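# Remarks on the overall topology
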Amino acid sequence: MWNKFQELHKKHSEEKTSISGFRRKKRKRSRKGKLKNEERSCSEQSSNETQWKKLTQYFGVNDRFDPPVKKKKIDRSGLEKSIDQAVEEWNIEKAEELSNHLATRKLGVKIAKAIACHNFVKAKKEAENSQVVRKKKNLAWGFEAKRRWETKSNMGYM
């Protein structure tokens, strides 16, 4: 049986090498549409990566305001309790699935907090910019009032 397999394998490899010499090269079709779609997907991916980088800088920003772990009362969620129950029952697949759900939930919470922090920083920058514009307007008004006062004082001497 093994010898027959080796003979067939040799014949197949010989046929492959003899045919490969006579094969023609196939024409390549133009890939204009595919390239445009790939460029779009690359640009979308790069924009997603930049947004992700912007958000990751805000991960764990307010962690310093949380109480220390020893003083914090740990409340376990229902999902964590069900993970413990699945582990006690030796149902590892269910425990892994629940663990993935828990990790997804925690990541979602982190992302939500990061977005809230990003929006706060953005709003604060806008408020600072509007204050700068107001200060400039107030300064212009102050100089105009000073000029008017100076011209009034000069009118009496003419």
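This structure is a prediction, so every number in the text was calculated from the model and none was measured.

How each quantity is defined
Residues numbered from 1 in each chain as written. Predicted model: local features only at pLDDT ≥ 70, side-chain atom pairs only at ≥ 80, totals over all residues. Heavy atoms only, no water. Helix = DSSP H or I, 4+ residues; strand = E, 2+ residues; numbered from the N terminus. Areas by Shrake-Rupley, 256 points an atom, 1.4 Å probe, with all protein chains shown as cover. Buried < 20%, exposed > 50% of the residue type's maximum accessible area, 1.4 Å probe, protein only. Lys, Arg positive; Asp, Glu negative; His and termini not counted. Salt bridge = Lys/Arg side-chain N within 4 Å of Asp/Glu carboxyl O. Arc of directions from axis to C-beta. pLDDT = per-residue confidence, 0-100.

## Considering the overall build of the chain
- Counting secondary structure elements, the chain contains four helices and zero strands.
- N-terminal to C-terminal, the α/β element order of the chain is α-α-α-α.
- Of the roughly 15800 Å² of accessible surface on the chain, 55% is carried by carbon and sulfur atoms.

## Here we look at unusual backbone geometry
- Phi is positive for Trp90, close to 60°, though the residue is something other than glycine.
- Inspection of the secondary structure puts Trp90 in the loop between helix H3 (78-88) and helix H4 (92-155).
- Classification of Trp90 as exposed rests on a relative accessible area of 71%.

## Description of the side chain of Glu80
- Tracing the sequence through the fold places Glu80 in helix H3.
- Buried and without a salt bridge, Glu80 has Lys106 as its closest oppositely charged side chain, separated by 4.1 Å.

## Looking at H3
- Every buried residue of H3 is listed here: Leu79, Glu80, Ile83 and Ala86. For H3, the arc enclosing every buried residue in end-on projection is 120°, short of the 170-degree limit, so these residues lie on one face. Exposed residues on H3 whose side chains face more than 90 degrees from its buried face are Gly78, Lys81 and Glu88.
- Phi turns positive, to about 60°, at Trp90, one or two residues after H3.

## Some thoughts on the confidence of the model for the chain
- Scored by pLDDT, the chain has a mean of 77; 73% of the residues are at 70 or more.
- Within the chain, helix H2 (residues 32-56) has the poorest average pLDDT of any element, 73, and H3 the best, 88.

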